[in-house]
Amino acid sequence: MSSYNGRGLHGQVVDVVGRRIVQGDYPQGVTLDLENLQSEHGVSLTVIRESLKVLAAKGLVDARQRRGTFVQPRSSWNLLDPDILTWEITSANLPAKLDQLAEIRAIFEPASAALAAARCDEHDVAAIRAAYAAMESAEDPADATQADLDFHRAVLAATRNDLLERVEMLTRSLFAERDRLVHQHVDPGKALDLHRALLDAIVAGDPAAARSASELLLGRALADAATTIEHSSPGDAAAGSAPRTQKAS
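Residues numbered from 1 in each chain as written. Predicted model: local features only at pLDDT ≥ 70, side-chain atom pairs only at ≥ 80, totals over all residues. Heavy atoms only, no water.

Draft legend 1. Quick look at the overall build of the protein. When you go through the protein residue by residue, the secondary structure sums to 10 helices and 2 strands. Reading the helices (α) and strands (β) of the protein from amino to carboxyl end gives α-α-α-β-β-α-α-α-α-α-α-α. Looking at the 249 residues of the protein, the share that counts as buried comes to 41%. Sequence separation of 24 or more characterises 74% of the internal contacts of the protein that already satisfy a separation of 6 or more. Summed over its atoms, the accessible surface of the protein is roughly 12,500 Å², and 52% of this surface lies on carbon and sulfur atoms. (Helix = DSSP H or I, 4+ residues; strand = E, 2+ residues; numbered from the N terminus. Buried < 20%, exposed > 50% of the residue type's maximum accessible area, 1.4 Å probe, protein only. Contact = heavy atoms within 4.5 Å. Areas by Shrake-Rupley, 256 points an atom, 1.4 Å probe, with all protein chains shown as cover.)

Draft legend 2. Summary view of the pairing of strand S1 (residues 61–64). In this sheet, strand S2 (residues 68–71) lies alongside S1 in antiparallel orientation, the contact comprising 4 bridges. From the neighbouring strand, Ala63 faces S2, where its bridge partner is Thr69. Connecting S1 to the next strand, S2, in antiparallel fashion are 3 residues, including Arg66 with a positive phi near 75 degrees. (Pairing = 2+ DSSP bridges.)

Draft legend 3. Main features of the pattern of salt bridges. Counted according to the given criterion, the structure contains 14 salt bridges. Put simply, Lys58 and Asp83 hold a salt bridge, and the shortest N to O gap is 2.9 Å. With Lys58 in the loop between helix H3 (45–57) and S1 and Asp83 in helix H4 (residues 82–87), this residue pair connects regions lying 25 residues apart in the sequence. On the basis of relative accessibility, which here comes to 10%, the residue Asp83 falls in the buried class. (Salt bridge = Lys/Arg side-chain N within 4 Å of Asp/Glu carboxyl O.)

Draft legend 4. Summary view of the packing of aromatic side chains. Using the criterion set out here, one finds 0 aromatic pairs in the structure. Positioned above the aromatic ring of Phe70 is the side chain of Arg67, whose terminal nitrogen or guanidinium carbon lies 3.7 Å from the ring centre. (Phe/Tyr/Trp six-rings, centres within 6.5 Å; stacked < 30°, edge-to-face > 60°. Lys NZ or Arg CZ within 6 Å of the ring centre and 35° of its normal.)

Draft legend 5. Fine view of unusual backbone geometry. In this structure, Arg66 is a non-glycine residue whose phi angle is positive, near 75 degrees. Considering the arrangement of structural elements, one finds Arg66 in the loop between S1 and S2. Classification of Arg66 by relative accessible area gives exposed; the value is 91%. With a phi close to 65 degrees, Arg160 is a non-glycine residue in the positive phi region. Relative to the elements of secondary structure, Arg160 occurs in the loop between helix H7 (141–157) and helix H8 (162–185). A relative accessible area of 45% means that Arg160 is categorised as partly exposed.

Draft legend 6. Region of interest: the packing of H8 against helix H10 (residues 207–231). Direction vectors running N to C along H8 and H10 enclose 75 degrees, while the axes themselves pass 9 Å from each other. Judged by the inter-axis angle, H8 sits roughly perpendicular to H10. Contacts between H8 and H10 involve Arg178, Leu181, Val182 and His185 from the first element and Ala221, Asp224, Ala225, Thr228 and His231 from the second. Residue classes in the contact of H8 with H10 are distributed as 4 nonpolar, 3 polar and 2 charged. (Axes fitted to C-alpha atoms, helices over the stretch in contact; angles between N-to-C directions. Parallel < 35°, antiparallel > 145°, perpendicular 65-115°, else oblique. Nonpolar A, V, L, I, M, F, W, Y, C, P; charged D, E, K, R; others polar.)

Draft legend 7. Spotlight on helix H9 (residues 192–203). A rise of 1.5 Å per residue sets the reference length of H9, with its 12 residues, at 16 Å; its end C-alpha atoms lie 16 Å apart and thus fit the reference within 8%. Among the residues making up H9, those that are buried are Leu192, His195, Leu198, Leu199, Ala201 and Ile202. Turning to H9, the residues buried within the fold contact helix H5 (94–119), helix H6 (122–137), H7 and H10. Positioned one or two residues after H9, Gly205 has a phi angle of 70 degrees, which is positive. (Expected span 1.5 Å × (residues − 1).)

Draft legend 8. Region of the structure containing the nonpolar core. In terms of nonpolar packing, the biggest core is built from 21 residues, with Val17, Ile21, Tyr26, Leu32, Leu55 and Leu60 touching the most fellow members. Looking at this core, the elements with two or more residues in it are helix H1 (8–22), helix H2 (34–41), H3 and H4. The greatest single-element share of this core, amounting to 5 residues, is contributed by H1. Not counting chain neighbours up to four residues away, the residues in contact with Ile21 comprise Tyr26, Leu55, Leu60, Val61, Val71 and Trp77. Ala158, Leu199, Ile202 and Leu217 belong to the second largest nonpolar core, which has 20 residues in total. (Core = buried A, V, L, I, M, F, W, Y, C linked by side-chain atoms within 4.5 Å.)

Here's what the structure looks like:
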């Protein structure tokens, strides 16, 4: 389930080709021309083949003798793969994706906050405090995003429930994208008091207060997402993505 963290040319090929498949530039059933990909990216055929192995592990492509490497139907994709979740985000579907994320968070975050308040130890509290301090001192949207993500991960870790931590892993890429966009348009300091209230409730070992603080924080998150969507430019959701090229033939 982990995101592919390849760097350099190998990682670039995975990102570009994977994004094109997910966003429909390479449609289902199309056979990828490895020599064209090699020429386009200026890499060896070995790099192309290794990159396609990564995409095959995500269910995006398959390879057969005489047919070559071809794009798999969406039903074969690992839709919970963090990279695929990220590649699916476009300016057109961003509102729907943020709505889906909000629904998932509403289901597990208040209950997780309550569990964290009931089960946390001093190490958990230290991690949550450190993340909150990083939120307070963040000087730019990137720092604010990372600190916000660290805060919520620390809360989930304090639940002592491995499966809940796995749920966070599934939503991590979309959560990160949501935070990246929100912090470009909304002052992260406006939510600090709500995060502080959640921290205080967990430190006090008060599950009911932690649940309530989490629900208030989620309400603020919904408002911030609405503001973000209202003010986002068409290219915001695709920031950092590779330029499109012609579809494979």
